[in-house]
Amino acid sequence: MTKSAVSLAPDLAEAHQALGLAMHISLRLEDAIASYKRAIELNPNLKAAQRSLADLHRAFGRAEEALAIYRQFLAADAKDKAARAGVVLSLLDLGRTDEARNELEAALKADPANLVLLAGAAYWFAAHNDHQMALELGSKALAIEPRYTWAQIALARALVNTNRPLDAERALRY
């Protein structure tokens, strides 16, 4: 049905955005990227398409492209939690660890309850063998929302790697 909308209104940005979302959900990610790009070409103000494009760039290892988009969001709204998380995670992905840690510290000082940032960074640090940082951030995320799955997974991974398998099992069973 979404493809029909695009064929009926090929110059309607929202149709391309909807097609991008459908492709994204269907895990046809390259097609999603193409649809989001087309939507943004037609209407540069489509924030959801821009954010999804940034997230997919990061997922495909194109952190520099993602970082540029996240920074645009922050320039428009310095309190944008998702963009702040995207900046930190993109910097980590780029290996700019010191800059990322500074951004992380500043973001958490401004908003200690940024769940997306806490969980995303906890998972990144767990995946990159900084288990203490993963434990710290994962615990903070779970104090805010104990049902947040990715924070539980990050915490469990860090617990396993710090020789606390029973605690890790509890986290996963939660």
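Fair warning: this is a prediction, and the values are worked out from it, not measured in the lab.

Our next topic: the nonpolar core. Formed by 55 residues in total, the largest nonpolar core has its most connected members in Leu92, Leu104, Leu117, Phe125 and Leu137. Element by element, the count of residues in this core is highest for helix α8 (residues 115–127), at nine residues. Apart from the residues within four sequence positions on either side, Leu117 is in contact with Arg84, Ala85, Val88, Leu104, Ala107 and Leu108.

Here we come to the packing of aromatic side chains. Evaluated as defined, the whole model comprises two aromatic pairs. The aromatic ring of Phe73 is capped on one face by Arg51, whose charged end is 4.2 Å from the ring centroid.

Glancing now at the side chain of His57. As for its position among the elements, His57 is in helix α4 (residues 47–59). Among the residues examined, His57 registers a relative accessible area of 7% and is labelled buried.

This part is about the side chain of Gln50. Residue placement: Gln50 occurs in helix α4. Residue Gln50 is classed as buried on the basis of its relative accessible area of 12%. Beyond its immediate chain neighbours, meaning those up to four positions away, Gln50 contacts Ile40, Pro44, Asn45, Ile69 and Phe73.

For the rest of this paragraph, the subject is the environment of Ala106. Here Ala106 shows up in helix α7 (residues 97–110). Assessed through its relative accessible area of 44%, Ala106 is described here as partly exposed.

Let us now look at the environment of Leu108. With respect to the element layout, Leu108 can be found in helix α7. Once residues within four sequence positions are removed from consideration, Leu108 is found in contact with Leu117, Leu118 and Leu137.

Taking 1.5 Å per residue, 13 residues should reach 18 Å; helix α2 (residues 13–25) reaches 18 Å between its end C-alpha atoms and fits that length. Listed as buried for α2 are Ala13, Ala15, His16, Gln17, Leu19, Gly20 and Met23. Phi for Leu27, located one or two positions after α2, is positive at around 65°.

Summarising the element assignment, Ile69 is placed in helix α5 (residues 63–76). The exposure class assigned to Ile69 is buried, which follows from its relative accessible area of 13%. Considering only alpha carbons, one finds Ile69 and Arg51, 18 residues apart in sequence, at a separation of 7.5 Å. With residues near it in sequence (within four places) discarded, Ile69 still touches Gln50, Leu53, Ala54 and His57.

With that settled, consider the packing of helix α6 (residues 81–93) against α8. The geometry of α6 relative to α8 is characterised by a closest axis approach of 9 Å and an angle of 15° between their N-to-C directions. When the axis of α6 is compared with that of α8, the two are roughly parallel. Of the two elements, α6 crosses α8, and the hand of that crossing is right-handed. Counted together, Arg84, Ala85, Val88, Leu89, Leu92 and Asp93 of α6 and Val116, Leu117, Gly120, Ala121, Trp124 and Phe125 of α8 form the full contact between these two elements.

Conventions adopted
- By convention here, each chain's residues receive numbers from 1 onward along its written sequence.
- With pLDDT at 70 or above as the cut-off, local features in this predicted model cover only qualifying residues; side-chain atom pairs require 80 or more to be listed or tallied, and sums for whole chains, interfaces and linings still use all residues.
- Neither water nor hydrogens contribute to the side-chain values; these are computed over all heavy atoms in the structure.
- We call a set of buried residues a nonpolar core when its members are Ala, Val, Leu, Ile, Met, Phe, Trp, Tyr or Cys and they connect through side-chain atoms within 4.5 Å of each other.
- Accessibility here uses a 1.4 Å probe with only protein chains present; expressed as a share of the type maximum, an area under 20% marks a residue as buried, one over 50% as exposed, and anything in between as partly exposed.
- Note on conventions: DSSP H or I runs of at least 4 residues are helices, E runs of at least 2 residues are strands, and numbering of each starts at the N terminus.
- Here, two residues are considered to be in contact whenever any of their heavy atoms come within 4.5 Å of each other.
- The criterion for an aromatic pair is that two Phe, Tyr or Trp rings (for Trp, the six-membered ring) have centres within 6.5 Å, with stacked assigned to planes under 30 degrees apart, edge-to-face to planes over 60 apart and tilted to the rest.
- To sit over a ring, a charge needs its Lys NZ or Arg CZ within 6 Å of the ring centre and within 35 degrees of the ring normal.
- Any helix carries an expected span of 1.5 Å times its number of residues minus one.
- Note on method: axes are straight lines fitted to C-alpha atoms, helices fitted across the in-contact stretch only, with angles between N-to-C directions ranging 0 to 180 degrees.
- An angle counts as roughly parallel when it lies under 35 degrees, as roughly antiparallel when it exceeds 145, as roughly perpendicular when it falls between 65 and 115, and as oblique in every other case.
- Note: crossing handedness is left-handed where the near helix turns anticlockwise from the far helix by less than a right angle, and right-handed where it turns clockwise.

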